[in-house]
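Now for the letters of each chain:
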Amino acid sequence: MYKLATLTTITALSLGAFQSAAATELQVSTWAGPNHGVNTIVWPTWASWVEEATEGRVTVNVVHDMGPPDAQMELIADGVADVTWLFHGLMPGRFELTKLPELPTFEDFSSEAASVAYWRTHNEYLAQAGEHRGVEVIGVGVHGPGSLFLDESIDSLDDLDGKRVRIGGGIMADISYALELTGVALPPASTYEAATQGVIDGAMLTLEGLKSFRLAEVLPYTVQMPGGFYRGSFSLVINPDTWASLSDEDRAAIEEVSGERLSRLFGYMMDVVDVRGIEFAEQQGNTFIELPDEEVERFQQMASELPGAWFETAGAKGVDGEAARGYFLEQLDAVGEEEGLSADEVIDPGV
């Protein structure tokens, strides 16, 4: 009986130690408000995918407010957290190739399609330049049509001259300069307060910001451009040491639910929350402004030099910019013909 009890105890202890060693929790640092789509849709869904794919050996814990948006890259590189999402425009000088999907196209396409096309282009052309050195990229994303939210209505682009408008970097900054705006660099979460205090007259953001950052409450006029004034570029990254510490089996399992699939999920989320942002703004009685055709043509002319400037930047980093953009646009068309995510494949408390 003593031997049996001892054997049972040793077996239980060994099993407990094995389970403890085998279980890995990935700590996700996230920013933006808790009601933002990345926090209500992307992270919960990916966490579910990861846990299922690894048969429970890897779980995901999401932690808010570990640092401001522009500090997330450093948090992951230093190992303070394991995973995060980056908005490249908040780190000027570090990211230049990521401006590719931000360039205005004046065509309508889904964020889901753009995010998948971006992932494929990142792997084919952009990753080689090493802009994400210090972290491992597990997904990329593109937000919806960038719009201009204002405190008063306008009839032409001339009415924007000198207006103080929140910007976030990237192509957005180039666009604001072309429009002769006075750009005010602010993270999205600070925009509501800046608008209520009269620090800014407007903001450049995606349509989801009307609800997730409550901008429809303080900036009741939304100026839209076909295809958007710009798009926004994101990446989802993991600490290299954390990635290397996982077993080959678990890395392979997580890769199956990351990469293109995670990128698709990010884009799907952006499409969903843009629709909800518009609905929220309409409930607030907001006005949506479509400028006359001649004003659209003026803006197209203003933006016409942006691709060429990006080609030069890409070339200086050893990347064929024209080929990369051509490939991105080709993939954009191809993904548009593919089957996208459906609502029953994601976790979405807003449904």
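What counts and what doesn't
- Residues numbered from 1 in each chain as written.
- Predicted model: local features only at pLDDT ≥ 70, side-chain atom pairs only at ≥ 80, totals over all residues.
- Heavy atoms only, no water.
- Helix = DSSP H or I, 4+ residues; strand = E, 2+ residues; numbered from the N terminus.
- Rg over C-alpha atoms; globule rule 2.2 N^0.38 Å.
- Contact = heavy atoms within 4.5 Å.
- Areas by Shrake-Rupley, 256 points an atom, 1.4 Å probe, with all protein chains shown as cover.
- Pairing = 2+ DSSP bridges.
- Axes fitted to C-alpha atoms, helices over the stretch in contact; angles between N-to-C directions.
- Phe/Tyr/Trp six-rings, centres within 6.5 Å; stacked < 30°, edge-to-face > 60°.
- Buried < 20%, exposed > 50% of the residue type's maximum accessible area, 1.4 Å probe, protein only.
- Lys NZ or Arg CZ within 6 Å of the ring centre and 35° of its normal.
- Left-handed = near helix turned anticlockwise from the far one by under 90°.
- Nonpolar A, V, L, I, M, F, W, Y, C, P; charged D, E, K, R; others polar.
- Core = buried A, V, L, I, M, F, W, Y, C linked by side-chain atoms within 4.5 Å.
- Salt bridge = Lys/Arg side-chain N within 4 Å of Asp/Glu carboxyl O.

**Student:** Quick question: what am I supposed to make of the overall build of the protein here?
**Tutor:** Along its length, the protein carries 13 helices and 11 strands. In terms of overall dimensions, the protein is globule-like: its C-alpha atoms have a radius of gyration of 22 Å, near the 20 Å expected for 351 residues. Judged by the C-alpha coordinates and their principal axes, the protein covers about 90 × 45 × 35 Å. For the protein, the share of sequence-separated contacts (at least 6 apart) that also reach a separation of at least 24 residues comes to 80%. Here the protein displays about 15500 Å² of accessible surface, and carbon together with sulfur accounts for 48% of that area.

**Student:** Would you explain the sheet that holds strand β5 (residues 146-150) in this entry?
**Tutor:** If you trace the 6 strands from one edge of the open sheet to the other, you get β7-β6-β8-β5-β9-β11, paired in mixed fashion. Two strands close off the open sheet at either side, each with one partner strand: β7 (182-185) and β11 (287-290). Recorded for the sheet is a direction-independent mean angle of 30 degrees between the axes of neighbouring strands. Pairing between strand β6 (residues 164-167) and β7: 4 bridges, direction parallel. The partner of R166 across the bridge, within β7, is V184. Set on the sheet, helix α5 (residues 171-178) makes contact with β6 and β8 (202-206); between it and β6 the angle comes to about 165 degrees.

**Student:** Just checking my understanding: could you explain the packing of aromatic side chains for this structure?
**Tutor:** Pairs of aromatic rings are described using the distance from one ring centre to the other and the angle between the two planes. Tallying each qualifying case throughout the model produces 10 aromatic pairs. Taken together, a centroid distance of 5.1 Å and an interplanar angle of 75 degrees make the contact between F229 and F299 edge-to-face. Within this pair, whereas F229 is found in the loop between β9 (221-224) and β10 (233-238), its partner F299 is found in helix α11 (residues 293-303), the two being separated by 70 residues in sequence. When its relative accessible area of 1% is taken as the criterion, F229 is described as buried. Grouped by ring-pair contacts, the aromatic residues W31, W85, F87, F234 and F266 constitute a single cluster. Here R214 stacks its cationic end above the ring of Y192, 4.3 Å away from the centre of that ring.

**Student:** It is not clear to me how the packing of helix α4 (residues 111-126) against helix α13 (residues 321-336) should be interpreted in this structure. Could you clarify?
**Tutor:** Each pair of packed helices can be summarised by the angle the axes make with each other and by the distance between the axes. Between α4 and α13, whose axes approach to 8 Å, the crossing angle comes to 145 degrees. For the crossing formed where α4 meets α13, the hand is right-handed. Of the residues in α13, those touching α4 at A113, A114, V116, A117, Y118, R120, T121, E124, Y125 and L126 are A323, A324, Y327, F328, Q331, L332, V335 and G336. Class assignment of the residues belonging to the contact of α4 with α13 gives a composition of 13 nonpolar, 3 polar and 2 charged.

**Student:** What am I meant to see in the environment of G168 here?
**Tutor:** For G168, the location among the structural elements is in the loop between β6 and α5. Spatially, the C-alpha atoms of G168 and P188 are 7.8 Å apart, while their sequence positions differ by 20 residues. Setting aside residues no more than four positions away along its own chain, G168 makes contact with F87, G89 and L90.

**Student:** Would you take a moment to explain the nonpolar core for this structure?
**Tutor:** One recurring pattern in soluble globular proteins is that nonpolar side chains are buried together. Of all hydrophobic cores here, the largest spans 104 residues; its most connected members are W46 and M204. Sorting elements by how many residues they give to this core places helix α10 (residues 260-283) first, with 10 residues. Excluding residues within four positions of it along the chain, M204 makes contact with S147, L148, V165, R166, I167, M172, I175, S176, L179, L181 and Y230.

**Student:** When you look at the pattern of salt bridges in this model, what are you seeing that I'm missing?
**Tutor:** Close approach of charged atoms lets side chains of opposite charge pair. Scanning the entire structure with this criterion turns up 18 salt bridges. R214 is paired through a salt bridge with E217; the nearest N and O atoms lie 3.2 Å apart. For R214, a relative accessible area of 40% gives the class partly exposed. Salt bridges sharing common partners tie together E112, R120, E260, R264 and E338.

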